[in-house]
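Residue-level structural notes
Listed below are the residues making up each chain.
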Amino acid sequence: MILPVIKYGHPILRQKGARIEAVTPEIRRLIADMFETMNAANGVGLAAQQVAHALQLTVLDVSEASAERPSTLELDGKPADVVKFMPLVLINPEVKPVNEPVSGGEGCLSFPEIYAEISRPESVDVSALNAKGERIAFRCGGLLAKAIQHEVDHLNGILFIDRMDKKTKAELKPELDELQFITKAELAKTKKKS
Ligand code: ZN
C-alpha cells in the first residue's frame, strides 16, 4: 500500500524514532509499504518518520541511480556489489564517519522541489539489523553513504535543512515557510474533521 508522505511542518518529522525490539508482522507490513511508497515516488531512501511512524527504521535502494550517482560498498573489508546489496532495510542503525565531509546535491520527499548542497562524510561505517532482525555491518561511500546519513538523520528528528549553510537556508526561506504553512493548514483541517 502506498502511504502518504508527510511534509515539512508536520511534527512527526521532528520526533526521534523509538528502537524496534522485534520484527513483528506489523513491522514487516510497514517495511513493504515503505518500499512501495519510496518506489512510487522515485526516491532512493525513506525513513519511517516520513510515513508518520517515529521508529528507528529506514528503507533504501540506490540501484536505479547507480549509473549517474555511484556508490561504493565494502563487506568484511572487501569491495562488494552495491546493486546486489539492494534493496536495504536498516533497523536501529548506527553510523560512524570514516573520512572528511564532501559537498553534494540532496533532495527529500518531505520537501518537494527543494534541493541544496549538503556537506557530509564521503564514507561511513554502518551497523544495523536487517528485515530478518539479523545484525549487518558494512562500509559504504558515494550516494549510498549520503542517502544513509540523510535517512538516519530523519530517524533522529534531524532534517536536511538543519545541515544547509546559512546562505542556502536564507535563500530557500520563502519556499520553506510556504511548505510549512500549507502542511500546518492541512493538519488543522484534519484535526477539525476528526
Ligand atoms: Zn528526507
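Let us look at the structure shown here.

1. Focus on the pairing of strand β8 (residues 123-129)
For β8, the tally of buried residues reaches five of seven residues, placing the bulk of the element in the interior. If you look at the hairpin formed by β8 and strand β9 (residues 135-141), you'll find five residues sitting between the two strands, and glycine 133 has a positive phi there, around 85 degrees.

2. Details of the nonpolar core
Taken as a class, soluble globular proteins show a tendency for nonpolar side chains to be buried jointly. In terms of nonpolar packing, the biggest core is built from 21 residues, with Leu88, Leu90, Phe138, Cys140, Leu144 and Ile148 touching the most fellow members. Of all the elements in the fold, those that place two or more residues in this core are α2 (82-85), β5 (88-97), β8, β9 and α3 (142-155). Leave out the neighbours within four places in its chain, and leucine 90 touches Gln56, Leu57, Thr58, Leu60, Val126, Ala128, Leu129, Ile136, Phe138 and Ile148. In this structure, Ile20, Met38, Val51 and Val59 belong to the second largest nonpolar core, which totals 17 residues.

3. Side note on helix α1 (residues 25-40)
In a regular helix each residue adds 1.5 Å, so 16 residues correspond to 22 Å; α1 covers 23 Å between its end C-alpha atoms and thus fits that length. Those residues of α1 that fall on the buried side of the exposure criterion are Ile27, Leu30, Ile31, Asp33, Met34, Phe35, Thr37 and Met38. Phi turns positive, to about 55 degrees, at asparagine 42, one or two residues after α1.

4. Re the layout of surface pockets
What the largest pocket holds in volume is close to 580 Å³. For the lining of the largest pocket, the elements supplying multiple residues, two or more each, are β6 (101-106) and α3. Its residues placed into classes, the lining of the largest pocket shows 10 nonpolar, 10 polar and seven charged. Empty space within the second largest pocket amounts to approximately 270 Å³. Elements with a minimum of two residues in the lining of the second largest pocket: β5, β7 (116-121) and α3.

5. Here we look at the pattern of salt bridges
Summed over all chains, the structure comprises nine salt bridges. One salt bridge in this structure joins arginine 120 and glutamate 106, with 2.8 Å as the shortest N-O distance. Of this pair, arginine 120 sits in strand β7 while glutamate 106 is found in strand β6, placing the two residues 14 residues apart along the sequence. Comparing arginine 120 with glutamate 106 shows no difference in burial state: the two are buried. Residue lysine 167 pairs with glutamate 171 through a salt bridge whose shortest N-O separation is 3.2 Å. You can see lysine 167 and its partner glutamate 171 sitting in helix α4 (residues 166-193), four residues apart, about one turn around the helix.

How each quantity is defined
Residues numbered from 1 in each chain as written. Predicted model: local features only at pLDDT ≥ 70, side-chain atom pairs only at ≥ 80, totals over all residues. Heavy atoms only, no water. Buried < 20%, exposed > 50% of the residue type's maximum accessible area, 1.4 Å probe, protein only. Helix = DSSP H or I, 4+ residues; strand = E, 2+ residues; numbered from the N terminus. Pairing = 2+ DSSP bridges. Core = buried A, V, L, I, M, F, W, Y, C linked by side-chain atoms within 4.5 Å. Contact = heavy atoms within 4.5 Å. Expected span 1.5 Å × (residues − 1). 1 Å grid on protein atoms, 1.4 Å probe; cavity = no way out; pocket = protein on both sides within 12 Å on 5 of 7 lines; lining within 4 Å. Points joined across faces, edges and corners; volume = space filled by probe spheres on them. Nonpolar A, V, L, I, M, F, W, Y, C, P; charged D, E, K, R; others polar. Salt bridge = Lys/Arg side-chain N within 4 Å of Asp/Glu carboxyl O.

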